Amino acid sequence: MKRRDFILMGLLLLTTPFNNTSTTYWDIIKSTLDHLFPKSTQFYGAVELDAISFLQFASRNNKYFKKSDLDLLISGAFEIFNIEHAFVTKSIDIKEKILRDFEAKQSGKDWLSTLMNYGIEGMLSDPIYGGNKNQKGWITLNHKPGLPRPKKLYAI
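This structure is a prediction, so every number in the text was calculated from the model and none was measured. (Residues numbered from 1 in each chain as written. Predicted model: local features only at pLDDT ≥ 70, side-chain atom pairs only at ≥ 80, totals over all residues. Heavy atoms only, no water.)

Draft legend 1. Structural detail: helix α6 (residues 106–124). The end-to-end C-alpha distance of α6, which contains 19 residues, comes to 27 Å, matching closely the 27 Å that a straight helix rising 1.5 Å per residue would cover. All of the buried residues in α6 are Gly-108, Trp-111, Leu-112, Thr-114, Leu-115, Tyr-118, Gly-119, Gly-122 and Met-123. Angularly, the buried residues of α6 cover 165° about the axis, an arc narrow enough to put them on a single face. Each element contacted by the buried residues of α6 is listed here: α2 (25–36), α3 (51–61), α4 (67–83), α5 (92–103) and α7 (136–141). (Helix = DSSP H or I, 4+ residues; strand = E, 2+ residues; numbered from the N terminus. Expected span 1.5 Å × (residues − 1). Buried < 20%, exposed > 50% of the residue type's maximum accessible area, 1.4 Å probe, protein only. Arc of directions from axis to C-beta. Contact = heavy atoms within 4.5 Å.)

Draft legend 2. Just the pattern of salt bridges, in detail. One pass over the structure, following the stated rule, counts 6 salt bridges. Between Glu-96 and Arg-100 there is a salt bridge, with its nearest N and O atoms 2.7 Å apart. Placement of the pair is Glu-96 and Arg-100 together in helix α5, with a separation of 4 residues, close to one helical turn. On the basis of relative accessible area, Glu-96 is assigned to the partly exposed category, the value being 29%. The network of salt bridges with common partners includes Glu-96, Arg-100 and Glu-103. (Salt bridge = Lys/Arg side-chain N within 4 Å of Asp/Glu carboxyl O.)

Draft legend 3. Structural view of unusual backbone geometry. With an omega of 0°, the peptide bond running from Leu-147 to Pro-148 counts as cis. In this structure, Pro-148 sits in the segment after α7. Even without a glycine there, the phi angle at Asp-50 is positive, about 60°. Tracing the sequence through the fold places Asp-50 in the loop between α2 and α3.

And the structure:
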């Protein structure tokens, strides 16, 4: 199977609801990113910085995005769904418990670590890649981006 076909199949799975619910893999990933990186008085959160858009964009458009990372994101979201079907609507305390229990397993630790890496990248990367909405991540950290900034995606 060609890499592009695999990625398209993975994206189809990511946007396909679980069982008879309307919850998708992306919903669980977005909810987890929001839990890991909530908005605070000092910094915008993953939702405000649109980290999920970065991750979705990168998984579709970046030829360097690892197939193994996409596999891990899909399988981890599926495991979270199997633990709690209504994960995205649960309280902060319940999500914390579910994620801590999941983290005790190697697959959970790997999933959370990968998700945190992509979350940070999405909140602080150049906005051309879909995250760091309105450069809010940079502004909050008083970061001056290197010049020249990218004009094309992934040096294509």
